[in-house]
Every structure is written in C-alpha cells, then in structure tokens.
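What the coordinates show
Given next are the chains, with one letter for each unit.
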Amino acid sequence: YRLLESVSAYCVEQMRRAGELARIRRRHAGCYLDLAVRAEPYLYGHGQRQWLRRLDADAANLREALDSFVRLGAAADALRMAGALTWYWFLRGRFTEARRSLAATLAVAGDAPAAVRAKALAWHAGIAALLGETDAWPARHHAALRLYEDAGDPVGRARPEWFLASVMVELGELAAGEDLVHRALATFRAFGDRWGEAVALTTTAKLAHVRRDLAALERDARQSAEVFHALGDRWGILQATGWLIGLAEITGDYEQASRLSHDGLRVAEELELWPDVARMLSWLGWIAVELGDYVHA
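Residues numbered from 1 in each chain as written. Predicted model: local features only at pLDDT ≥ 70, side-chain atom pairs only at ≥ 80, totals over all residues. Heavy atoms only, no water.

1. What to know about the packing of helix α7 (residues 114–130) against helix α8 (residues 137–151)
Our working rule: To get an axis, a line is fitted to the C-alpha atoms, and for a helix only the part in contact is used. The angle between two axes follows their N-to-C directions and goes from 0 to 180 degrees. In DSSP terms, a helix is any run of H or I states spanning at least four residues, a strand is any run of E spanning at least two, and both are numbered starting from the N terminus. If an angle is under 35 degrees, it is roughly parallel; if it is over 145, roughly antiparallel; if it lies from 65 to 115, roughly perpendicular; otherwise it is oblique. The crossing is said to be left-handed when, going from far helix to near helix, the turn is anticlockwise and less than a right angle, and right-handed when the turn is clockwise. In this analysis, two residues are considered to be in contact whenever any of their non-hydrogen atoms come within 4.5 Å of each other. Three residue categories are used. Nonpolar comprises Ala, Val, Leu, Ile, Met, Phe, Trp, Tyr, Cys and Pro, charged comprises Asp, Glu, Lys and Arg, and polar comprises the others, including Gly.
Two elements in contact, α7 and α8, have axes whose closest approach is 8 Å; the angle formed by their N-to-C orientations is 160°. One way to sum up the angle between α7 and α8 is to call them roughly antiparallel. The two elements α7 and α8 meet at a crossing, and its hand is left-handed. The residues of α8 that touch α7, namely those facing Ala 114, Ala 115, Arg 117, Ala 118, Lys 119, Leu 121, Ala 122, His 124, Ala 125, Gly 126, Ala 128 and Ala 129, are Trp 137, Arg 140, His 141, Ala 143, Ala 144, Leu 147, Tyr 148 and Ala 151. Of the residues belonging to the contact of α7 with α8, the class tally is 14 nonpolar, three polar and three charged.

Below is the structure:
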C-alpha cells in the first residue's frame, strides 16, 4: 500500500492524541522482530532467495522497528533484532547500515543475554574494520570473544569466530586469522555444524591461495562447494567457487576460470548479491588481462 506523507502524519498525530502511539509502535516492532528471527535460518540454505526478497520488501519496516526498540531502550530486543538481521545486511552488502544499527543497539543501556550482546559486538567489530575503522579493531574483537567465553556458548561463538578470522585475513593478519578459523572449524566439526564447516573451509582455501598451496586450495574449496551444494546455500557455493576460480587461474586453465566466473556472475545477479557480482566481474577482468584481452578487461 502507498500512503501520502500528510495522511500518515495525521494518523500518527491521532494515535498520539489517543494515547495509543507507544503501544502500536511496540506491537509493530514486535511483529518485525518475529519476522527477522524467523527469516535468519532460511538465509543459510534453500530458502535464501525467497527470504532475501521477503526482507527486501520490508526493509523500511525492519529499520523502523529496530529504531523503535532503540528509542524505547529495549536493549535485549534491539540486540536480538540487529543480530538476526546482520547476515541479511552482509549478504546484501549493506555494511554501513549494519555498522550504524549494531552501534545503536550496543549503545542501549539495559540487560541482555551475554551471547546476544556478544554476537552484536563481534559483527560490529568485524564490519567496522572492513569499513576502515581499524584503530579500535583489536580491542573490539577481543572484547567480543571474551564475552562469548563468559556466556559459555561455544557453538554460538564459532560463527562469529569464523567471521572475525576472515576479517583478520582481509587485514593481512594471516597467522592470527588462521589460528582463529581453525578453532572455529574444530568447533563446527565437533558439533556437526555443516554450514559452519563449509564457510570455514572457504577461509582456509583463501589462505591456501595466498600461500600457493594448491593441494590444500583444491581440497578445501571443493569440500566447501560440496557441502554448500548439499545445503542449497548459493551464496556459499559462490564463495567456494571463487577459490576454484583462483586455482584454475594459477594453473593456467583460463577456460575453466572463465566458465566458473560467468556461472558465478549469473547466480550472484539472480540473488542480487552485489558484493559477489563485483567479485565475479573482478575475476573476469583479471582473466581477460591474463589472456591479453585488455578491451574486455
């Protein structure tokens, strides 16, 4: 439905006069908190495309709901909602929105479960670092991991550990990133988290690519791709495929590298995963450079 802003403002004023505005806002926020929490697990498998679009359609409502919890000082609900939406923001490449929202919810005073606060803190630390805020990076990610230790939640800790490890690798902290991703990988395997195992393997594949360890690169990338295929997670398939492209490029199999890149680009565009669209275009550009096709590059 579409509504003129003047009519909307009139309706809000009438609810305020009737003393109903706070109650309605709280119900609205609760409704969209339920949606965010319900959607989160579906973003890791076969329902990814459907639920990404579902959240896209309600992006304004979700943002307003989260802001309502912040205004109300509802720390636990605000942190739960931001934590549930972070993977959606990440997939969509909305890092600035994620950083703003996580910072706002973390600033709300009040009680919240330690694991819920730790999740928001970990994601905020990593995303802020990816956006260039590296001065506070060590203190932030250490604080998040300490809070997970206090919460006694090793399974919940493993996924943020993987994310923080991947950020460390991006920042060039290879040794620290490798230690942390192997810690997360061991937890994923111990508790049977197949998605976590597959995503951790994309990071170990990246490390193998950096070191030109072709055997480890092929092993980890292929194993990751197989698990993501089984889970139906097309974002994950793109991540594993990226390192198979890297393997093909290193070994001079430019036909394979180009084919995988075009396939990946099509999937990324279908899902509207713009960071991955950019990544696949980058691979195609580099392959064209290697082949001397500078106009195409």
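2. As for the environment of Val 199
As a reminder of what qualifies: The buried label goes to any residue with under 20% of its type's maximum accessible area, the exposed label to any with over 50%, and the partly exposed label to all in between, with areas taken from a 1.4 Å probe on protein chains only.
Of note, Val 199 is situated in helix α11 (residues 194–211). Given the relative accessible area of 0%, Val 199 is considered buried. As for Val 199 and Phe 188, which are separated by 11 residues in sequence, their C-alpha atoms are 9.9 Å apart.

3. Some details on the layout of surface pockets
The test is simple: In the cavity and pocket records, a cavity denotes points on a 1 Å grid over the protein atoms alone where a 1.4 Å probe fits but cannot get out, a pocket denotes an open set with protein on both sides within 12 Å along at least 5 of 7 lines, and lining residues are residues with an atom within 4 Å of a point. Grid points are joined across faces, edges and corners, and a volume is the space filled by probe spheres set on the points.
Estimated volume of the largest pocket: approximately 620 Å³. Ranked by residues supplied to the lining of the largest pocket, first place goes to helix α9 (residues 154–170) with six residues. Within the lining of the largest pocket, the residues separate by chemical class into 13 nonpolar, four polar and four charged.

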